[in-house]
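Residue-level listing of the chains:
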Amino acid sequence: PGFGLKEFRGTIADQPDFDAGSDAEALYNAMKGFGSDKEAILDLITSRSNAQRQKIRAAYKSQYGKDLIDDLKYELTGKFERLIVGLMRTPAYHDAKEIKDAIKGAGTDEKCLIEILASRTNEQIHNLVAAYKDAYGRDLEEDVIGDTSGHFRKMLIVLLQGTREEDDVVSEDLVEQDAQDLYDAGEAQWGTDEAKFIMLLGNRSVTHLQLVFDEYEKIAEKSIEDSIKSELSGDFERLMLAVGLYQCIVIFPICLQGLGTADNTLIRIMVCRSEIDMLDIRECFRLRYEKSLYNMIQVRTHQNPDFSSCSQRDDDIAGEFFPEAAQIAYKMWETSSMTKVQLRGTVRPYQNFDPASDAKALRKAMKGFGTDEDTIIDIVTHRSNAQRQEIRRIFKSLLGRDLMADLKSELSKNLERLILGLMMSPAEFDAKMMKKAMEGAGTDEHSLIEILVTRSNQEIQEMLNNALSGRWRHLSRLNIDKGAREEGPADMARALEDAQELADACNSESDDMEDKFMSILCTRSFPHLRRVFQEFVRCSNKDIEQIIKKEMSGDFKNAMFAIVRSVKNQPSYFADRLYKAMKGLGTDDRALIRIMVSRSEIDLFNIRKEFKETHEASLHEFIQGDTSGDYRKTLLIICGGED
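Attention in this report is confined to the structure presented alongside it.

What counts, and where the lines are drawn
- Residues numbered from 1 in each chain as written.
- Predicted model: local features only at pLDDT ≥ 70, side-chain atom pairs only at ≥ 80, totals over all residues.
- Heavy atoms only, no water.
- Buried < 20%, exposed > 50% of the residue type's maximum accessible area, 1.4 Å probe, protein only.
- Helix = DSSP H or I, 4+ residues; strand = E, 2+ residues; numbered from the N terminus.
- Arc of directions from axis to C-beta.
- Contact = heavy atoms within 4.5 Å.
- Polar contact = N/O pair within 3.5 Å; in protein donor to acceptor, adjacent residues only side chain to side chain.
- Core = buried A, V, L, I, M, F, W, Y, C linked by side-chain atoms within 4.5 Å.
- Axes fitted to C-alpha atoms, helices over the stretch in contact; angles between N-to-C directions.
- Parallel < 35°, antiparallel > 145°, perpendicular 65-115°, else oblique.
- Left-handed = near helix turned anticlockwise from the far one by under 90°.

**Notes on helix H25 (residues 403-410)**
- The set of residues buried in H25 consists of Leu-403, Met-404, Asp-406 and Leu-407. For H25, the buried positions fall inside an angular range of 160° around the axis, keeping them on one side. Exposed side chains of H25 directed beyond 90 degrees from the buried face belong to Lys-408 and Ser-409.
- On its buried face, H25 is in contact with helix H22 (355-366), helix H23 (373-381), helix H24 (385-399) and helix H26 (413-423).
- Capping the start of H25, Asp-402 holds a side-chain oxygen 2.9 Å from the backbone nitrogen of Met-404, two or three residues further along.

**Remarks on unusual backbone geometry**
- Positive phi, normally seen in glycine, also occurs at Glu-221, with a value near 60°.
- Looking at the element boundaries, Glu-221 is found in the loop between helix H13 (206-220) and helix H14 (224-231).
- Take Glu-221: its relative accessible area is 53%, and that puts it in the exposed class.
- The phi dihedral of Asn-541 is positive, around 55°, even though this residue is not glycine.
- Checked against the element boundaries, Asn-541 lands in the loop between helix H33 (526-540) and helix H34 (544-551).

**What to know about the nonpolar core**
- Counting 92 residues, the largest nonpolar core has Phe-517, Phe-533 and Met-596 as the members making the most contacts within it.
- For this core, the element with the highest residue contribution is helix H35 (residues 554-582), accounting for 14 residues.
- When neighbours within four sequence positions are excluded, Met-596 is seen to be in contact with Leu-578, Leu-604, Leu-619, Ile-623, Leu-635, Ile-638 and Cys-639.
- Ranked by size, the runner-up nonpolar core spans 45 residues in total, among them Tyr-132, Leu-239, Ala-242 and Val-243.

**So, the packing of H35 against helix H36 (residues 589-599)**
- Relative orientation of the contacting elements H35 and H36 amounts to 150°, with a least axis distance of 9 Å. Here H35 is positioned roughly antiparallel relative to H36, judged by the angle of their axes. Note on packing geometry: the crossing formed by H35 with H36 is left-handed. Residue-level inspection shows Gln-570, Phe-574, Arg-577, Leu-578, Ala-581 and Met-582 of H35 in contact with H36, the latter providing Ala-591, Leu-592, Arg-594, Ile-595, Met-596 and Arg-599.

Shape is all these values report; function is a separate question.
Laid out in structure tokens, this is it:
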């Protein structure tokens, strides 16, 4: 889309005025005597390129008659040793060691095999095979065959040949045919022709495949990533996704997702990409997870500087994209615009619904001494909201009682709030949540923003009709409380104009910038805004989310950020809100109840999926660990699955 292509960029380069002999002496001095100077070792090794480290190793051998790596292993321990020794090896021997570790012993680290073999060039693959043979006296292909199976093994063997077409090879006459072949091998038939996927993804050049995948989206009306996820499974699926995404700056942010629990993965990626594309990995990590890689490493490694030395800088204050990251950002917004996501709730209408029978059962559960919570939970959680409203009406006409009042008197605390929330109509519930957010001395602006940003015009109007007083003065200037957002598809010409106006506004005074962002983000339809944000990348070479974080403040910043997140992926936005409600000490039960109730029939299934993908634990597991008793039981039923 008009971005300049440049080489991938690392964070470690050649040290000027390099002197291998002097560095060898400095390392020797850092390790002699009792103990070792870890800071000196770290500072020196992370500020020299790999080629310079090899010269230092040779100089160390000639000056002291000892192998530098052996001495480092003796002096250092644990993860720090693994990191420093990894930096000292050549790339090929480092890859060989990682693969050897991945396949030795009882189990196999398939993720390591995928990450390395899916991302290396032909030359790197050939060097890896030779290094493996030299270091271990074994044939790498034979060892991989012995430790893997099925289509996963077949694809690994294809990759190990190192015969992929080079990146400048594009067979334009085959692009459409390859895209059609992939479609015919998967989406167009019952079952999947895995051999066709292996042949095409294992041999075509990266540049050619990118064109094929663009053409594939036109044919299949879905991305190749979504098709691979639906057609393939297990390690084979993960391998083909890595090959399909291929660009390292996309693969590695995903691999880095589990930082705190996979230190070997973290070390491997930081070592092998530090001189290639770590700058772009940092940008894509920030784009994908809304936090900097530097900060994530600091948090997950408990302020240990050893890992973050390879990342070099905190990107949370940055807004500019590097060329490759800008391309990915543009493509992500384009995919967001094109993808047709089927939203699914977790609560559906009860098939054999009998409101009179339910009303009587609920009355019986609350009559006399004690309360039958199990019956109440079972009925309320297995009926749709429309069915619950019918139960309320029948309860009143049949028994002459107010069901809500009876439930309130029989239940208590969070279970009461949850059950009553489920029994309200959506408009009643939203109005109640808005009122609660504004009660007392302070105002819960995050709740107000969440509700107002994510509801449709009709939902906002119905909420207003439920006698809600407009007391959120500090948000009223945003005009998101009027239910007057435009509706309909994107207007491409206008989207380009809006994107340019936002880009120009980034260079304006703060108030002018906020006025321009407000006039566009608070009034345009979500489909239109997706196109605006996509073109904003091209107009400004900036990340709109980071611009909002950096240039804005307070409730206005939070509202703008919520709009962008909702436009990009609303289930992901809610998943993040749920995570924040349950992480750390204590649980924000009001937020947990609000989201679980309000999204249960809309997109809670999608929210669950996003939660699992982003946080490496299921929503079910979080609820299980953060709540208790009948309250937990009810939430888990609404959640609808363990994922």
